[in-house]
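# Fold and contact review
The residues making up each chain are set out below.
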Amino acid sequence: MSEIMSELPTLKSPEIVDGQIAPWLLDKERARQKLEMVKAKRSLIDFIEMDGKPYWKRAAHLELLCKKLEGIEKFARGDKTGIPRLIVTMPPRHGKSYVISRKFPAWFLARNPDIEVILATYGAELAQDHSEVARETFKEWAPPLWNLTLSDSTQAKAKWRISNHLGGMTAVGIGGATTGRGAGLFIIDDPVENAEDGLSPKMQEKAWNWWQTVAYTRLSPNASVVILMTRWAQQDLVGKILDYDEKSDMPQNWEILNLPAICESDNDPIGRKVGDVLWPERFSRDWILAKKASTESFWWQSLWQQKPLDITNQVFKPEDMQFVDPKTVDLHACKLYGACDPSEGGNDYAAIVIMALTPDFRWLVWEANLSVDSQSQTIEKLVKYNKQYNFTRFLIE
């Protein structure tokens, strides 16, 4: 604090002259602005708050996130007490990309103008959108705070540089080339776009191969890495990295900042109690609980709690199934469910399955129909089945 105060103008005693505004009031405002700028240079959360006022507000989880990112910056500039590897998982719309991918790079590069930053997302367009915000933030604050400017020759969204320095930012899509570019800071922001890609073994392997053969090869000796993502599956990029690290003779010791929407642990990183929501100032407990009630458990655990379930446990395995004599089943005591995957035309099959849930919670495949039907024929069957079984619920893919 003494260092900060030494940079401030000395405030004079109150004085009113001929009804004019006291000079000390002007000095006080200048001092306030100076203090704000000095703090922003040293603290990421103060920088983001100054940049985003009056709209951007602090929150406990964002303050902790900024502290972790300051550790990342510390390691990248050669301080081994910093954080070399960080994984951040938290629910959608809770500010992680805004802080990590849009504001942190500007602050980081202003403090380290000779270090290169690479940002990668599932698509080049999104990466460039993040990079554009980071560039404009740097353009606004680097000159008055750090006496730095953008390079006149390289200011594109996909690649911008700092004048008279070696550093800058490159934005790419996962799978995109980074040949010839190094990274003292590598940020990976959601390597998959949606659930279909997130649950796809092919896309999981693609992201893993890209990490090993492209991203990892770009890291400088003191490089820091930040990965932020929504957890779709246990074998997503984060899952594979942690599995590999656990088995490695030289683990990279990833630090994990996991912040679920609803606290489930007594050892919560921001001190929440079990049942507390993550950002009550923006998403109230009632709102979060309504979201949970309208979201199937598989998706809720993945998207909002960052606890992806094993997808193989969502499939009925033949070895777990047994034959049941229909005569021993009281169908009237069961709840009946139906599901249909309609034909897409031509020789494509339409599939209909009727399931019975018994009072003792056993699932029975009561009837199955697989045939090459037109959509009108399928609809006729569905009407017939519903009349026959009076479904509790019916799902159409």
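Going by the structure above, here's the rest.
Presented here is a report on the structure given in the accompanying data block. (Residues numbered from 1 in each chain as written. Predicted model: local features only at pLDDT ≥ 70, side-chain atom pairs only at ≥ 80, totals over all residues. Heavy atoms only, no water.)

### Describing the layout of surface pockets
Once rolled over the atoms, a probe with the size of a water molecule shows which space is left empty. Cut-off, in case you're wondering: The definitions used throughout rest on a 1 Å grid laid over the protein atoms alone, on which a cavity is an enclosed set of points accommodating a 1.4 Å probe that cannot get out and a pocket is an open set flanked by protein within 12 Å on both sides along at least five of seven lines; lining residues are those having an atom within 4 Å of a point. Grid points are joined across faces, edges and corners, and a volume is the space filled by probe spheres set on the points. Elements are defined by DSSP. Helices are runs of H or I of four residues or more, strands are runs of E of two residues or more, and each kind is numbered from the N terminus. Gly is put with the polar residues, along with every residue not named as nonpolar or charged; the nonpolar set is Ala, Val, Leu, Ile, Met, Phe, Trp, Tyr, Cys and Pro, and the charged set is Asp, Glu, Lys and Arg.
Considered as a void within the structure, the largest pocket measures approximately 620 Å³ in volume. Arg93, His94, Gly95, Lys96 and Ser97 are the residues nearest the centre of the largest pocket, which is lined by 25 residues in total. Looking at the lining of the largest pocket, the elements that each hand over two or more residues are helix H5 (96-111) and helix H6 (124-146). Element by element, the count of residues in the lining of the largest pocket is highest for H5, at five residues. Taken together, the residues of the lining of the largest pocket break down into 12 nonpolar, five polar and eight charged.

### Observations regarding H5
As a reminder, the rule being used: Given the number of residues in a helix, its expected span is that number minus one, multiplied by 1.5 Å. Note that bend, as reported per residue, equals the angle between axes fitted to the 7 residues terminating at that residue and the 7 residues originating from it. Buried residues are those whose accessible area, probed at 1.4 Å on protein chains only, stays under 20% of the maximum for their type, while exposed residues exceed 50% and partly exposed ones sit between those limits.
When the terminal C-alpha atoms of H5 are compared, their 21 Å separation across 16 residues agrees well with the 22 Å that a helix rising 1.5 Å per residue should span. Roughly 45° is the biggest bend found in H5, and it falls at phenylalanine 104, with proline proline 105 one to four residues downstream. Burial of H5 is extensive: 13 of the 16 residues sit out of reach of the surface.

### Observations concerning the packing of helix H8 (residues 201-215) against helix H9 (residues 237-247)
What counts here: Lines fitted to the C-alpha atoms define the axes, with helices restricted to the stretch that makes contact. Angles between their N-to-C directions range from 0 to 180 degrees. Any angle that is under 35 degrees is reported as roughly parallel, and any over 145 degrees as roughly antiparallel; angles of 65 to 115 degrees are reported as roughly perpendicular and all others as oblique. By definition, turning the near helix anticlockwise from the far helix through less than a right angle yields a left-handed crossing, and turning it clockwise yields a right-handed one. By definition in these notes, contact holds between two residues if any of their heavy atoms fall within 4.5 Å.
Packing of H8 against H9 brings their axes to within 9 Å, and their N-to-C directions diverge by 55°. When the interaxial angle is binned, H8 and H9 end up oblique. In the packing of H8 onto H9, the handedness of the crossing is right-handed. For the pair H8 and H9, the contacting residues are Gln204, Glu205, Ala207, Trp208, Trp211 and Gln212 in the first and Leu237, Lys240, Ile241 and Tyr244 in the second. Residues belonging to the contact of H8 with H9 are distributed by class as follows: six nonpolar, two polar and two charged.

### Examining the nonpolar core
The condition that has to hold: Among buried residues, those of type Ala, Val, Leu, Ile, Met, Phe, Trp, Tyr and Cys that are joined through side-chain atoms within 4.5 Å constitute a nonpolar core.
Phe47, Leu65, Leu69, Phe104, Phe138 and Val226 are the most contacted members of the largest nonpolar core, which totals 59 residues. With residues up to four places along the chain from it excluded, the contact list for valine 226 reads Leu69, Ile72, Leu86, Ile100, Leu185, Phe186, Ile187 and Ile188. Counting residues in each nonpolar core, the second largest holds 21 residues, with Ile87, Ala120, Ile188 and Trp254 among its members.

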